[in-house]
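Tertiary structure, described
Spelled out, the chains give:
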Amino acid sequence: MTVLWQTLVVGTIVSIAHGRYENVNVRQDWWETAVFYQIYPRSFMDSDGDGVGDINGITSRLEYLKELGVDATWLSPIFKSPMHDFGYDISDYYSIQPEYGSMEDFEQLLKKASELNIKVILDFVPNHSSNESDWFIKSSNRDEYYSDWYIWENGHLDDRGQRSPPNNWVSLFRKSAWTYMPSRDQYYLHQFGDSQPDFNYRNPVVVEEMKNVIKFWLEKGVAGMRINSVNHLFEVDKDGFGGRYPNEPMTGKPGVRPDDYAYLDHIYTKDQEETYDMVSQLRDVFDAITIRDNLTRVMMTEANTNIKNAVRYYGEGHHTGAHIPFNFALIEDLDKDSDARDIKYAIDRWLTYKPLKRQANWLTGNHDKSRVASRFRPELVDAFNMLVLLLPGIAITYMGEEIGMVNGFVPWSETKDPLACNTDDPVNFIEVSRDPVRTPFQWSNGKHAGFSNADTTWLPVAEGYENLNVAAQRSAVRSHYQVYRTLTNLRIRPAFRLGRYESLALNNDVFAFKRWYNDDTYVVVINVGKVYHIVNLTAFDLIFGQLEVEASSVLSSRTYSDSVQANYLDLAADEALVLRMQV
Ligand SMILES: *[C@@H]1O[C@H](CO)[C@@H](O)[C@H](O)[C@H]1NC(C)=O
Ligand SMILES: *[C@@H]1O[C@H](CO)[C@@H](O)[C@H](O)[C@H]1NC(C)=O
Ligand SMILES: *[C@@H]1O[C@H](CO)[C@@H](O)[C@H](O)[C@H]1NC(C)=O
Ligand SMILES: CC(=O)N[C@H]1CO[C@H](CO)[C@@H](O)[C@@H]1O
C-alpha cells in the first residue's frame, strides 16, 4: 500500500488569492488541515419534539456549522440500537435508529451537507455489537453460521453448583467482563457493558462483515469513518494458554476495588499486536474507494492507550494506519492544575512521538470527557480553542466547546449513562458519569435552550443556558462563538496550514507559540495563570518591534488591530491573544 500515497495526493491545491498569499501553491488533501466538529446526535437538535435529538435536527443546523468554519462533522453513532450505551451498542449496522430518523433522512443530510461542502463522517463501533443484534441472538442459540462470532467460554462450576466466570477480567463499565447466557450455557465476553458483547476477530467471517459495513456507508457517500475503541478489538490468543484465557495481573493501585477496571493491568485484553494488522486491513477498504472515486475517504481511530501505542495507529512498515489517530494529549496530560510548562510538554510530547511527516490532530473534548470550561475554567475557553485551531495539523471540536458550554448537572434520579449507573452509588456516580457532557446543545434562551419543544428532554439542559447560548453569542460583539469564527478564518492562512511551529513557556503561566510561513509570522500567547504578567516575546527568534492583534479572548481588553510591543507585553490573567508581526 505504499505506492498508494502518491496516487492519493490529489486533493485541493491551497491557493489563496488575497494579498500577500498569492504565490502559495502547495498540494494538500481536504482532510489534512480540516476542522472536524463532533456531533452527539441525541443532544444536538430535536426536530420532532420527542426530547431526543435527530438527523433532521442536524440537517436543519448545518448552516451553523458552515458559519463556524467547520469542514467536516463526525456523528456519534446513529445506527439502530437499543440505546443501553446510547448508540455505542449497535443492533443493526446497516440501518438508522428510528428515533433519529430514516435512511432517507440521512441521505437528505448528506445531500444538504454536500451542497454546503461539509463532509460527513460516521462513528463505527467494531469491538462489540448490541446484545440485541440478530447476530448475537443467533450466536447465543448456537446457530451454525454465527456460533463463533462472539467470545464464548465455559465458566467454572463448584461442588455446590455455584457458577463463576471463566477468569478475573473486569469490564470498562465495572464488574466482571463475562455474563452468563442460559440459552447457550456459556459466558460471553464484554469489555464494555453487558449489553455490548465483544466480537471474535479471530473469525475471518466477522472481519469480512465489518469491512462490508464500512464499504456500505462509504458507498452511501460518507467521507470517512471514525473507528471506536480500536485497541480493544483483540484479546490474547488463548491457544497460547492451553485453550483458557489467562487472568490479568492486579495493578495494586491504592483505593481501587476489585470491581473497578483499574484493578487489573489489561495486558491480555487491549493493545494486542494483531490490532495493527487489522487496522491496516480496514484501511484498505477506505483506500480502494478513495482511488476509485479520486476523493479521499478518511479513517480516524480512537484508542485510549499509551503514547507509543497511540502513534502506531499512524501505520508502520508495511502496515498502513489511520489518516487521523486521535490525540488525547490535551485531555489526558492536562488538568486544572496544569501550567504553561505542562501545556508545552504535552504538545511537544505528541509532536515528538508522531511520525515526522504526518499530520497531528488536536482536541479538548468528546462525549466522554469533562468540558473545557469545567475541567479548566470558563475563562480559558478561548485559549484552548486557540490551541486546537492554531497548532499545526487537524482540529477537532466537540459540539458546544465553541461557545464554552459547561458540564450540566444530572442528578442520580435522571442519570442515564450505563457507566454511572453501574456504580450503584448515588453519591460518587458523579465522578464517572458522562451525562454532564451530553446535556442538550444550547441554541437560545428559549424552552430547553431551543433544543426541543418536548415537555421533557432525555437529559436536562445545563444550568445557565439563558445566558450561555448560540443566539446570545451570535449577537454579542465579543463572545466565544465570535472568537471561534475568527480562529477558523485565521487558520486558512498559509502560516497556520503549512507554517512551521515553535513554542515556549515564557514563565510558569504564559505559554506561547509561533507559526510562520515565508515572511508572515504569528505569535499565539496565552496566560493560563490567575495573575497578570509582563512577558517579552523577543525570546522567540526574529520576533521584535510591534505586533498587531488578530484575535483576543473574550475578557481581553484588546481588540482587532490593536498594537502591542514584542519586548513588553502585559497580559491579564486568562488573557489569550493571536498576534501578527508587522513587517
Ligand atoms: C482527481 O481530483 C483532483 C481534484 O480534486 C484533480 O486535480 C485530478 O486531476 C483528479 N485525478 C484524476 C485521475 O481524475
Ligand atoms: C441485553 O442487556 C441488557 C442490559 O443488561 C438487558 O436488560 C437485556 O435484557 C439484554 N437483552 C437480551 C436480548 O439479552
Ligand atoms: C526583552 O528581551 C530582549 C532579548 O533578551 C532584551 O534585549 C530586552 O531588553 C528585553 N526587554 C525588556 C523590556 O525587558
Ligand atoms: C471517546 C469514545 O468514543 N468513547 C467510547 C468508547 O467506546 C465505548 C463503548 O463503545 C463508549 O461508551 C464510549 O463513549
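As named in an unreviewed UniProt entry, the protein chain is alpha-glucosidase, taken from Trichoplusia ni.

Looking at the pattern of salt bridges
Scanning all chains against the criterion turns up 36 salt bridges. The salt bridge partner of glutamate 99 is arginine 42, with a shortest N-O separation of 3.0 Å. With glutamate 99 in the loop between β6 (92-96) and α4 (103-115) and arginine 42 in the loop between β3 (35-39) and α2 (55-60), this residue pair connects regions lying 57 residues apart in the sequence. Arginine 42 gets classed as buried once you look at its relative accessible area, which sits at 7%. In the salt-bridge network here, residues are joined through shared partners; they are Asp85, Asp368, Asp417, Arg434 and Arg438.

A few points about the sheet that holds strand β11 (residues 178-181)
Pairing between sheet strands relies on hydrogen bonds along the backbone, with the strands arranged either parallel or antiparallel. The antiparallel open sheet is built from three strands, whose spatial order is β8-β12-β11. With one partner strand each, in any of the chains shown, β8 (152-153) and β11 form the two edges of the open sheet. One ladder, built from two bridges, connects β8 with strand β12 (residues 186-189); its direction is antiparallel. Of the residues in β12, the one forming a bridge with tryptophan 152 is tyrosine 188.

Considerations on the site of ligand 2
Around ligand 2, a shell composed of His84, Asn131, Glu132, Asp194 and Ser195 is seen. Note that a nitrogen atom of ligand 2 is positioned 3.4 Å from one of the side-chain N or O atoms of glutamate 132. Considered on its own, ligand 2 offers 360 Å² of accessible surface; in the complex 52% of this is hidden by protein.

Thoughts on the packing of aromatic side chains
According to the stated counting rule, one finds 43 aromatic pairs in the structure shown. Here phenylalanine 136 and tryptophan 152 contribute two aromatic rings whose centre-to-centre distance is 5.4 Å and whose plane-to-plane angle is 15°, an arrangement assigned as stacked. Remark: tryptophan 152 occurs in strand β8 and phenylalanine 136 occurs in helix α5 (residues 134-140); sequence separation between them is 16 residues. As far as the burial class goes, phenylalanine 136 and tryptophan 152 line up, both buried. Of the aromatic side chains, those joined through ring pairs into one cluster are Tyr93, Phe124, Trp135, Phe136, Tyr145, Tyr146, Trp149, Tyr150, Trp152, Tyr188 and Phe199.

Notes on the pairing of β11
Relative to β12, β11 runs antiparallel, the two being bridged by four bridges. Paired with tryptophan 178 across the bridge in β12 is leucine 189. Remark: four residues form the turn of the hairpin made by β11 and β12, two consecutive strands paired antiparallel; aspartate 185 in that turn has positive phi of roughly 50°.

Remarks on the UniProt feature "domain: Glycosyl hydrolase family 13 catalytic" (unreviewed entry) in the protein chain
UniProt feature "domain: Glycosyl hydrolase family 13 catalytic" (unreviewed entry): in the numbering of this structure it lies at residues 38-438. Along residues 38-438, the helical share is 28% and the strand share 14%, with 12 Å between the first and last C-alpha atoms.

Description of the environment of leucine 68
Of note, leucine 68 is situated in helix α3 (residues 62-68). The class of leucine 68 is buried, set by a relative accessible area of 0%. In the structure, leucine 68 is positioned 478 residues away from glutamine 546 in sequence and 30 Å away in space, judged by C-alpha atoms. Excluding residues within four positions of it along the chain, leucine 68 makes contact with Tyr37, Glu402, Tyr481, Tyr484, Arg485 and Thr488.

Some words on the pairing of strand β20 (residues 500-505)
For a regular strand, side chains alternate in direction, first toward one face of the sheet and then toward the other. Sheet analysis places β20 next to strand β21 (residues 510-517), joined by six bridges and oriented antiparallel. Across the sheet, residue arginine 500 finds its bridge partner in β21, namely tryptophan 516. A loop of four residues connects β20 with β21, the two strands running antiparallel in sequence.

So, how was this worked out
Residues numbered from 1 in each chain as written. Chains lettered and ligands numbered in written order. Predicted model: local features only at pLDDT ≥ 70, side-chain atom pairs only at ≥ 80, totals over all residues. Heavy atoms only, no water. Salt bridge = Lys/Arg side-chain N within 4 Å of Asp/Glu carboxyl O. Helix = DSSP H or I, 4+ residues; strand = E, 2+ residues; numbered from the N terminus. Buried < 20%, exposed > 50% of the residue type's maximum accessible area, 1.4 Å probe, protein only. Pairing = 2+ DSSP bridges. Near = heavy atom within 4 Å. Polar contact = N/O pair within 3.5 Å; in protein donor to acceptor, adjacent residues only side chain to side chain. Areas by Shrake-Rupley, 256 points an atom, 1.4 Å probe, with all protein chains shown as cover. Phe/Tyr/Trp six-rings, centres within 6.5 Å; stacked < 30°, edge-to-face > 60°. UniProt positions renumbered as here; feature names shortened; annotations may be inferred. Contact = heavy atoms within 4.5 Å.

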